[in-house]
Amino acid sequence: MIVQDRLYIGGELVAPTGTGTIDVINPYTEEITGRVPDGTNADVDAAVAAARRAFDTTDWSTRPASERAEVLTKASAIISSRMEELAALISTEMGSPLGWSIFGQVLAPTMVLDYYAGLGATYEFEETRPGLFGPVLVRREPMGVAAAIVPWNVPMFENVIKLAPAFIAGCTVVLKTAPETPLDAYVLHEILTEAGLPPGVLNIIPGGREVGAYLVSHPDVDKVTFTGSSAAGMKVAAAAGSLLRPCTLELGGKSAAIILDGADLNAVIPQIIDAGVMNNGQACVAQTRILAPQGQYENVLEAVTEAMSKLVVGDPLDPATQIGPLVAARQRDRVLGLIDQGKNEGARITTGGGRSEQPTGWFVEPTVFGDVENSMTIAQEEIFGPVLSVIPYSDEASAIAIANDSLYGLCGTVWGADAAHATDVARQVKTGTIGVNHFSMAFGAPFGGYKQSGLGRELGPEGLEAYLELKSISLDPAAG
Ligand code: NAD
């Protein structure tokens, strides 16, 4: 069992002000695997003060971005050298199958660090534009102290997707980790320190929503970046709005995978399933609504059902496992409740539908629903488990209308024999990212959501600019 009894604040491990602790429970063994302090408001005060000091009184924010980028490059290399250990730690925290963990939980963060290190070395923080009386110097300046709040499903990825652009911008950060997954951030701060991150630039508070809410409204915070559920995101946005505090929100999703008539089902369906149940279905970008043309509906449903019924469910640390347990008993119960609701509303289960028979662990069987109407709860709510809905459509216009008939707009995919035509369909889906004949996240392109999937964008230069204020200096016209 990993026990951390200190908090990382101001570059040191300091004693927490409170006595409360958070137990981290392995979702497979159901045993306690770690314990960390439960951060208090007083701990947040200390963390924000340390971040403030590092921003206001050190050269972190004024040194060349290329020097800050070096920290990211080194951190990426250290993470790469500890890939398997970190993947196993995160799988133990939240149940991700090891094979997926290596890629999604550890390799992906190194790619984000590398991307922002590259951007930091070349990004133009100042440019000159013509003004009315003379040139105008347009500067991009770091916003200051950023409060970063993350969920449990891809913890290191979420940490890094916020820290990397914040650091390149020159911001300092107070990171509040999710109560389910606080352990990996302890390793991350060790790695960042080894990579040369100065004291106070990163401060970490493990804790729940109350301490998160306190951090969002803290008077010395300049910027809020939040990833989590849309319900919590609305509260964070309201709190930030009442302070007119810049706020980036990455929230839930209910993405549609549109299979066009004539698509090669043998090639397409395995990829849709990978993108539908990755991370045990606990992914904001999961492709959980599979839209099939009426004429191919039964074929698609049968192929999806067969593939889902063959997925290997079990110990996340077993390399053969494709579906591990859900993060918590409450998450398993929530998913089972939504499955019941799907049945009650008239959808037909073609495989799965219950708990998976394992000796221990919070498992739900890979589940497929047929005869789904898009108005049903299972097609509207984010389930966050290994549950897919196959929905028929009559023509392409109605496929696009179904895809867009959602409170969410985070991601999606279009699958078809004619890539140009599939791209044209993708243009009509109201979603922040969408893939044609594959699913991926491009770290150099903006990522985020339409509608209730969020506000603002992460990744790409846009993700860096979310931590930058713009300033226009009208230069002395006489200076030439
Ligand atoms: P959650 O909203 O319950 O919690 C997310 C984080 O916010 C946690 O650290 C939590 O302690 C904190 N929090 C909750 N309420 C808060 C409040 N009022 N003020 C401040 N902090 C608060 O979400 P979760 O269950 O941890 O994560 C799953 C959700 O995250 C899903 O909806 C998923 O789609 C979403 N998500 C989105 C993205 C994305 O990039 N769009 C990525 C990963 C996960």
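Small disclaimer: the values here were computed from a predicted structure and weren't measured.

Parameters and conventions
Residues numbered from 1 in each chain as written. Predicted model: local features only at pLDDT ≥ 70, side-chain atom pairs only at ≥ 80, totals over all residues. Heavy atoms only, no water. Phe/Tyr/Trp six-rings, centres within 6.5 Å; stacked < 30°, edge-to-face > 60°. Helix = DSSP H or I, 4+ residues; strand = E, 2+ residues; numbered from the N terminus. Buried < 20%, exposed > 50% of the residue type's maximum accessible area, 1.4 Å probe, protein only. Lys NZ or Arg CZ within 6 Å of the ring centre and 35° of its normal. Salt bridge = Lys/Arg side-chain N within 4 Å of Asp/Glu carboxyl O.

1. Structural notes on the packing of aromatic side chains
Part 1: Here the structure, examined in full by the defined rule, presents six aromatic pairs.
Part 2: Between Tyr-28 and Phe-363, the ring centres sit 6.1 Å apart and the planes meet at 90°, which makes this aromatic pair edge-to-face. Here Phe-363 lies in the loop between strand E15 (348-351) and strand E16 (367-370) and Tyr-28 lies in the loop between strand E4 (21-25) and strand E5 (32-37), a separation of 335 residues in the sequence.
Part 3: Of the residues examined, Tyr-28 reaches a relative accessible area of 18% and is grouped as buried.
Part 4: The cationic tip of Arg-68 hangs over the ring face of Trp-60; the distance from NZ or CZ to the ring centre is 5.9 Å.
Part 5: Taking NZ or CZ as reference, Lys-223 lies 5.4 Å from the ring centre of Tyr-467, over its face.

2. Structural notes on the pattern of salt bridges
Part 1: In total, this model carries 18 salt bridges according to the counting rule given.
Part 2: One salt bridge connects Glu-85 with Arg-82, and the closest N-O pair in it is separated by 2.9 Å.
Part 3: Overall, the relative accessible area of 42% leaves Glu-85 in the partly exposed class.
Part 4: Classification of Arg-82 by relative accessible area gives partly exposed; the value is 22%.
Part 5: Residue Lys-162 pairs with Glu-458 through a salt bridge whose shortest N-O separation is 2.7 Å. One end of the pair, Lys-162, is in helix H5 (residues 155-169); the other, Glu-458, is in the loop between strand E22 (454-455) and helix H15 (460-465), and 296 residues separate them in sequence.

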